[in-house]
Amino acid sequence: DVGGFCNGILAGLVAVTAACATIKPWESCIIGLIAGFLYQGASMLLKKLKVDDVVDAFPVHGACGLWGLLAVGFFGDPEEGIGGNGVFYGGDQLGTQIVAAIVIILWVGGLSVIIMLPL
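Analysis parameters
Residues numbered from 1 in each chain as written. Predicted model: local features only at pLDDT ≥ 70, side-chain atom pairs only at ≥ 80, totals over all residues. Heavy atoms only, no water. Helix = DSSP H or I, 4+ residues; strand = E, 2+ residues; numbered from the N terminus. Expected span 1.5 Å × (residues − 1). Buried < 20%, exposed > 50% of the residue type's maximum accessible area, 1.4 Å probe, protein only. Contact = heavy atoms within 4.5 Å. Core = buried A, V, L, I, M, F, W, Y, C linked by side-chain atoms within 4.5 Å. Polar contact = N/O pair within 3.5 Å; in protein donor to acceptor, adjacent residues only side chain to side chain. Phe/Tyr/Trp six-rings, centres within 6.5 Å; stacked < 30°, edge-to-face > 60°.

K.L.:
With reference to specific residues and values, describe helix α4 (residues 93-116).
P.N.:
Three or four residues apart is the spacing at which side chains of an α-helix point the same way, because the helix has 3.6 residues per turn. A rise of 1.5 Å per residue sets the reference length of α4, with its 24 residues, at 34 Å; its end C-alpha atoms lie 34 Å apart and thus fit the reference within 8%. Inspection of α4 places L94, Q97 and A101 among the buried residues, and these make up the whole buried set. Packed against the buried residues of α4 are α3 (57-74).

K.L.:
Break down the nonpolar core for me, citing the residues and quoting the values.
P.N.:
One finds A15, I23, I31, C64 and W67 to be the most contacted residues of the largest nonpolar core, which totals 15 residues. Contributions of two or more residues to this core are made by α1 (2-17), α2 (25-48) and α3. Element by element, the count of residues in this core is highest for α3, at five residues. Setting aside chain neighbours within four positions, we find I31 in contact with A15, V16, A19, I23, W67, A71 and F75.

K.L.:
Summarise unusual backbone geometry; cite the residues concerned and give the values.
P.N.:
One non-glycine residue, K50, adopts positive backbone phi at about 60°. Positionally, K50 belongs in the loop between α2 and α3. On the accessibility criterion, K50 (74% relative accessible area) is exposed. Its identity is not glycine, yet D56 carries a phi of approximately 55°, on the positive side.

K.L.:
Requested: an account of α1, with residues and values cited.
P.N.:
When the terminal C-alpha atoms of α1 are compared, their 23 Å separation across 16 residues agrees well with the 22 Å that a helix rising 1.5 Å per residue should span. Here α1 has its buried residues at G4, N7, G8, A11, G12, V14, A15 and V16. Contact partners of the buried residues in α1: α2 and α3. Between the side-chain oxygen of the N-cap and the backbone nitrogen of G3 there are 3.3 Å, and the N-cap of α1 in question is D1.

K.L.:
Would you mind going over the side chain of Q97 in detail, with residue names and values included?
P.N.:
Counting through the fold element by element, Q97 comes out in helix α4. Discounting chain neighbours no more than four positions away, the residues touching Q97 are L69, L70, V72 and G73.

K.L.:
Before we move on, could you go through the packing of aromatic side chains and cite the residues and values that matter?
P.N.:
Summed over the entire model, instances satisfying the criterion amount to three aromatic pairs. Arranged with centres 5.2 Å apart and planes meeting at 80°, the rings of F75 and F88 form a pair that is edge-to-face. Taken together, the positions of F75 in the loop between α3 and α4 and F88 in the loop between α3 and α4 put the pair 13 residues apart, joining distant regions of the chain. Look at F75 and you get buried, because its relative accessible area is 6%.

In C-alpha cells, the structure reads:
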C-alpha cells in the first residue's frame, strides 16, 4: 500500500519534529521507528472502529504527534549541550511533556466541541 508507506514515513517525521533540537540522530531514528508502528496501529484501530479518516490524518498527526511530544521527555541529554532533560539521562522532562499533552488535548477538544456542536 503506497499510501500507508508514505504515511508511515510522514508519521516518523511528525514524531521527531518536537524533539529535533534536543536529540541525537540515532535517537531520532528510534523515535521515527516507534512512530511508524504507532501509525499502523492507530490506522488499524480507526478502521476497526469504523471511523472515517480517508487520509489517515489522525494516526499521522494526532497519534504520532502525541508520541513525538512525549518522546521529548524520554530523550535529550543535558550533558550534550543541545538541550533536553530526558528520563533516559536522569532528567525530569517527561512530567512537563505529559502536562503539556493534557493541556493541548483539553484545549483542542474543548474548542472543537464549542465550534462543531452547533453545526
